[in-house]
Structures are given as structure tokens and as C-alpha cells.
Amino acid sequence: MIEHVNLILFSVLNAHAGLTGWQLLGAMFAAEWLIFLVPFSLVLLWASGTGPRREVALRAFLAAACALTVNAMIGHLWYSPRPFVAEIGHTFLLHAPDSSFPSDHATSIFSVALVLAFSRVPLARSLGLVMLPLSLIVAWSRVYLGVHWPKDMIGALLVSGGFALLAYTPVAQAACARALPALELVYHRLLALPIGRGWLRP
């Protein structure tokens, strides 16, 4: 039943064989470049130089890292062939024929977007609320271009949502608060020169 629905959704979302022009370029941009919002948002929060912003950046990073680790375990234990491996639909993006479930791209951006969106830090919340709809565009584009199934995106959202919730548990918050001073010390030592010259905030 699930596979039947997955195939129906894929047939609806996957692009037609003659896709060209701005539609192809736009979908490829979404599929390959919007993911860079993840490091951009985390670096921006850290570089702003305030404790709460850095703590939520750390929380989002750890949520994404843990979610991607779970993805790797799932892919190792259960191989899910990509659409082009199964010779279904149309593919417009080169990709290794590794396991498709869950999507790493969607997991990365969903995890960070959800953690930031539910933060009480204004800048983090704003970034998260911008990233959430863009996360859906990333998920759509990778199905549209034929390198993922819809079920891969649902799996990514479930894994990401689970770790985003865990990021706000008291245990996770306490762990991040304890780890933050040590990470700031490493940051200060590694980037002492640009910090000392005022190029970066301490």
C-alpha cells in the first residue's frame, strides 16, 4: 500500500522527459544549492557573537549530525534503490546509486530549519521560518529531478523532526550549555588573528 502511494506520488511529482530551460535550471538550483543555507545559517548565528545564538547553532548542528547518522544506519541496513536504479521516471541530476531512504539533503535542511524555527532567539527563529518553506522546495526538487522518492522526503522529515524535538529536551540543552565554553575556546584559539583584528566577533 505504502509503495503504491509512493509510486503514484512520484509519477505526479517527477518532471516530464522534455524538461529544459529555466524550469530545469531552477529545479537544479533548488536541489543542489539551497542546501548551503544550512552552513550559512549556522555560521551567521555563531559569528554574531552572543551566547544564546551560538548555543542554538550548536543545537541545530548536533540535531542534523545525529539525524544524518541515523540515515546512514538505515541506508546500511536497508537498501532502497533510487528511481533511476529501478528504471522508473525521468532523471535530470547525476547521483551515485546508493540507498535513497531517507534523503540526506532534506534531512540536513529540515533538521536545522526546525531547530531554529522553534528557538526563542529572534535571529534563529527568523532564519528557521525562512528555511522551512525552502526545505520543502529542496525536497520537491529532488523528487522532481528523479533522484528521490516521495517516501524518502517523508522519512527525512520524520527523522529530522525527532531530533529537532530531542534538541529541546532538558538533557540536550544542558549538554549544549556545558559544551559551548569549550567550543568557544577552540574558536578563539584557531581564529585568534582575525578576532584580534576585529574581523570576527570574539
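See the structure above.
Being a predicted model, the structure only gives us computed values, none of them experimental.

Chemist: Help me out: how do you make sense of helix α2 (residues 21-32) in this one?
Modeler: Counting along an α-helix, one turn takes 3.6 residues, and residues three or four places apart therefore face a common direction. Compared with an ideal rise of 1.5 Å per residue, which puts 12 residues at 16 Å, α2 spans 17 Å between its outermost C-alpha atoms and is within 8% of the ideal. Along α2, the positions that sit buried rather than exposed are Leu24, Ala27, Ala30 and Ala31. The arc that holds every buried residue of α2, seen down its axis, measures 130°, which confines them to one face. Among the exposed residues of α2, those oriented more than 90 degrees off its buried face are Trp22 and Leu25. Looking at the buried positions of α2, the neighbouring elements they touch are α5 (104-117) and α6 (122-144).

Chemist: Could you clarify how one ought to interpret the layout of surface pockets in this entry?
Modeler: If a probe as big as a water molecule is rolled over the atoms, it shows which places are left empty. Its boundaries defined by the atoms lining it, the largest pocket holds a volume of some 280 Å³. Around the largest pocket sit Leu42, Val43, Trp46, Ala57, Leu58, Phe61, Leu183, Val186, Tyr187, Leu190 and Leu191, which together line it. Contributing elements (two or more residues each) for the lining of the largest pocket: α3 (37-47), α4 (51-77) and α8 (170-190). Here the lining of the largest pocket gets four residues from one element, more than from any other, and that element is α8. Within the lining of the largest pocket, the residues separate by chemical class into 11 nonpolar, no polar and no charged. As for the second largest pocket, its lining consists of 13 residues, and the residues nearest its centre are Arg82, Asp98, Ser99, Pro102 and Asp104. Among the elements of the structure, α4 and α5 are those that each provide at least two residues to the lining of the second largest pocket. A class-by-class count of the residues in the lining of the second largest pocket yields three nonpolar, six polar and four charged.

Chemist: I would appreciate a short explanation of the environment of phenylalanine 118 in the present structure.
Modeler: Summarising the element assignment, phenylalanine 118 is placed in the loop between α5 and α6. Between the alpha carbons of phenylalanine 118 and leucine 129 there is a distance of 8.8 Å; along the sequence they are 11 residues apart.

Chemist: What am I meant to see in the pattern of salt bridges here?
Modeler: Counting across every chain of the model gives four salt bridges. For the salt bridge of arginine 59 with glutamate 55, the shortest nitrogen-to-oxygen distance reads 3.0 Å. Of this pair, arginine 59 and glutamate 55 both sit in helix α4, four residues apart, which is roughly one turn of the helix. Pair check on accessibility: arginine 59 and glutamate 55 agree, each one buried.

About the thresholds
Residues numbered from 1 in each chain as written. Predicted model: local features only at pLDDT ≥ 70, side-chain atom pairs only at ≥ 80, totals over all residues. Heavy atoms only, no water. Helix = DSSP H or I, 4+ residues; strand = E, 2+ residues; numbered from the N terminus. Expected span 1.5 Å × (residues − 1). Buried < 20%, exposed > 50% of the residue type's maximum accessible area, 1.4 Å probe, protein only. Arc of directions from axis to C-beta. Contact = heavy atoms within 4.5 Å. 1 Å grid on protein atoms, 1.4 Å probe; cavity = no way out; pocket = protein on both sides within 12 Å on 5 of 7 lines; lining within 4 Å. Points joined across faces, edges and corners; volume = space filled by probe spheres on them. Nonpolar A, V, L, I, M, F, W, Y, C, P; charged D, E, K, R; others polar. Salt bridge = Lys/Arg side-chain N within 4 Å of Asp/Glu carboxyl O.

Such coordinate-based values are descriptive only and should not be taken to indicate function.
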